[in-house]
There are 2 protein chains.
Amino acid sequence: MREALAPESRPYHHGDLSRALVDAARRLLESEGPSALSLRAVAREAGVSPAAPYHHFKDKGELLDAVAQQGWDILNVAMTAARATALSVQDKLTSLGVAYVQFAREHPALYRVMYDASRDKADLPAHFHADNDSAYCQVRDTLIEAGASDDEVELELATNAAWCAAHGLAEMAAFKQFDHLKEKLGGEEAFLRGVFSHLGIFAGTASR
Amino acid sequence: MREALAPESRPYHHGDLSRALVDAARRLLESEGPSALSLRAVAREAGVSPAAPYHHFKDKGELLDAVAQQGWDILNVAMTAARATALSVQDKLTSLGVAYVQFAREHPALYRVMYDASRDKADLPAHFHADNDSAYCQVRDTLIEAGASDDEVELELATNAAWCAAHGLAEMAAFKQFDHLKEKLGGEEAFLRGVFSHLGIFAGTASR
DNA sequence: AAGTTCATCTTGACGCCGTTCAGATTGGAG
DNA sequence: CTCCAATCTGAACGGCGTCAAGATGAACTT
């Protein structure tokens, strides 16, 4: 009767509350925004008492960490797809950037949680540099592919630069000040590509 | 038992609570961080009852707006100074970027409030494009000075690109993942200039 | 089949939050 | 000196994160 769709979770009899809470949190996040994401509201949404989550997460922050982790997973998938469908090697990097910003624009609340969770720890998720298909590593590998310097420090600086530009753009694109630019350029993607075209590493100019 | 900690005295005999509250908020922000910034705590710090602020600000958000405004003012001053002391025209833009990020690094809590206040309104402060010595306008003017395209759309895209890069870097530089890079390059400013050197518009790659 | 165990979930409480409102206070205009 | 309007207080409301203690019931024994 119950579905064992989760790779790993409560092998025990009762409901898989841990996952149910994360799902409820994401549902609330999409429908009501980040400000409505209280622990009590999540418990309510999942149909349990306000104290129930504490048997699965140390505190609210740990629940949010789990939500954020799902966000990073989704982002990685989106960027893998973008990288695969890019036309030229040059285009790959810009497409990665556009995919990144579009993810942030489509899931603004989730995107916020992802960085808030990191910020409180002054630390990005562990998989950030480690996992080979992490968004970060994909940017770095694409830079190599595009003929970036193989000096390790330079490569890391370049990857960081690309990431910063995309992250900054993701936050800026939310402000309506730039709506007239998007209109003038014929849509958000054109706007994003326009901004990226001014940022060296995205412009196809291989960094030295 | 009141403390006359403010340099300037209160013109009226009964306090200039409005300013006192903003000062108290900034004091709390520096000492305890953004999470400790409750309206009640601010009132406590200012020595008034929890309801007193409501005679000067519609709600907590409006108080935060006033705090944020002070932040933008400080940032504008810092960037004006950076622009004035830059060596070459090329160096000006990078120096502006470095000044921006360093402001964010020196006042992380204030920087956060500045953008949080904007985000809730989906709108940047009014002076952003308007005031001539706003940080944004200074970046744009420096781009013109450096010989950027005079096409208005292109210019706005370029300014936006520069801002995004700086904003992204400001947030990224807080993560300790990049500490080893800073060490390897001999300090944070060198790290920042290194990242900027990979971003087209910050073309002047001269390091100090 | 019955009893025991133990993770899970609920109830109720604590202190803090933002916000409201009725009433006390008070500086200054008349 | 009186009165007004602006300012401030105290108490209250509902919501929050969190915790301690008790109830529940599936799974493991025997």
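A brief report on the enclosed structure follows. (Residues numbered from 1 in each chain as written. Chains lettered and ligands numbered in written order. Predicted model: local features only at pLDDT ≥ 70, side-chain atom pairs only at ≥ 80, totals over all residues. Heavy atoms only, no water.)

**A few points about the interface of chain A and chain B**
Here's step 1: With 40 residues of chain A at the interface, the matching set in chain B holds 39 residues.
Here's step 2: In total, chain A and chain B occlude about 3900 Å² of area from one another, counting both sides; carbon and sulfur atoms represent 66% of this.
Here's step 3: Applying the counting criterion to the chain A and chain B interface returns 4 salt bridges.
Here's step 4: Residues D123(A) and K176(B) are paired through a salt bridge, measuring 2.8 Å at the closest nitrogen-oxygen approach.
Here's step 5: Where chain A touches chain B, the interface holds 14 residue pairs in polar contact (both at pLDDT 80 or more).
Here's step 6: Here the side of chain A that touches chain B gets 15 residues from one element, more than from any other, and that element is helix α8 (residues 152-172) of chain A.
Here's step 7: Of the residues that constitute the side of chain A that touches chain B, the class distribution is 21 nonpolar, 11 polar and 8 charged. (Contact = heavy atoms within 4.5 Å. Buried area = accessible area lost by both parts, 1.4 Å probe. Salt bridge = Lys/Arg side-chain N within 4 Å of Asp/Glu carboxyl O. Polar contact = N/O pair within 3.5 Å; in protein donor to acceptor, adjacent residues only side chain to side chain. Helix = DSSP H or I, 4+ residues; strand = E, 2+ residues; numbered from the N terminus. Nonpolar A, V, L, I, M, F, W, Y, C, P; charged D, E, K, R; others polar.)

**Remarks on the side chain of Q177(A)**
Here's step 1: In this fold, Q177(A) is placed in the loop between α8 and α9 (179-185).
Here's step 2: Looking at Q177(A), the relative accessible area reads 16%, which means it is buried.
Here's step 3: At 3.2 Å, the side chain of Q177(A) forms a polar contact with the backbone oxygen of L124(B).
Here's step 4: Ignoring sequence-local partners within four residues, the contact set of Q177(A) consists of A122(B), D123(B), L124(B) and H129(B). (Buried < 20%, exposed > 50% of the residue type's maximum accessible area, 1.4 Å probe, protein only.)

**Focus: the nonpolar core**
Here's step 1: Counting residues in hydrophobic clusters, the biggest one holds 123 residues, and the most contacted among them are Y100(A), W163(A), F191(A), Y100(B), Y115(B), W163(B) and F191(B).
Here's step 2: Residues in contact with Y115(B), not counting those within four places in the same chain, are M172(A), F175(A), W72(B), Y100(B), L124(B), W163(B) and H167(B). (Core = buried A, V, L, I, M, F, W, Y, C linked by side-chain atoms within 4.5 Å.)

**Describing the relation of the copies chain A and chain B**
Here's step 1: Screw-axis analysis of chain A against chain B gives a translation of 0.0 Å along the axis, an RMSD of 0.0 Å, and a rotation angle of 180°. One copy is carried onto the other by what is essentially a two-fold rotation axis.
Here's step 2: Mapped onto chain B, 98% of the interface residues of chain A again fall at the interface, so both copies present the same surface. (Least-squares fit on C-alpha atoms with pLDDT ≥ 70 in both.)

**Focus on helix α1 (residues 17-32) of chain A**
Each α-helix turn comprises 3.6 residues. Residues three or four places apart therefore point the same way.
Residues and elements named next belong to chain A.
Here's step 1: For α1, built from 16 residues, the straight-helix expectation of 22 Å at 1.5 Å per residue is met to within 8% by its first-to-last C-alpha distance of 21 Å.
Here's step 2: By the burial criterion, the buried members of α1 are L17, S18, L21, V22, A24, A25, L28 and L29. Down the axis of α1, the buried side of the element spans an arc of 160°, and every buried residue falls inside it. With respect to the buried face of α1, the exposed residues turned more than 90 degrees away are E30 and S31.
Here's step 3: Buried residues in α1 make contact with α2 (39-46), α3 (60-85) and α5 (108-121). (Expected span 1.5 Å × (residues − 1). Arc of directions from axis to C-beta.)

**Topic: the packing of helix α3 (residues 60-85) of chain B against helix α7 (residues 135-145) of chain B**
All names here are of chain B.
Here's step 1: At a minimum axis separation of 9 Å, α3 and α7 run at an interaxial angle of 20°. In this view, α3 runs roughly parallel relative to α7, as classed from their interaxial angle. Two secondary-structure elements touch here, α3 through L75, N76, M79, T80 and R83 and α7 through A135, Q138, V139, D141, T142 and E145.
Here's step 2: Split into classes, the residues belonging to the contact of α3 with α7 amount to 4 nonpolar, 4 polar and 3 charged. (Axes fitted to C-alpha atoms, helices over the stretch in contact; angles between N-to-C directions. Parallel < 35°, antiparallel > 145°, perpendicular 65-115°, else oblique.)

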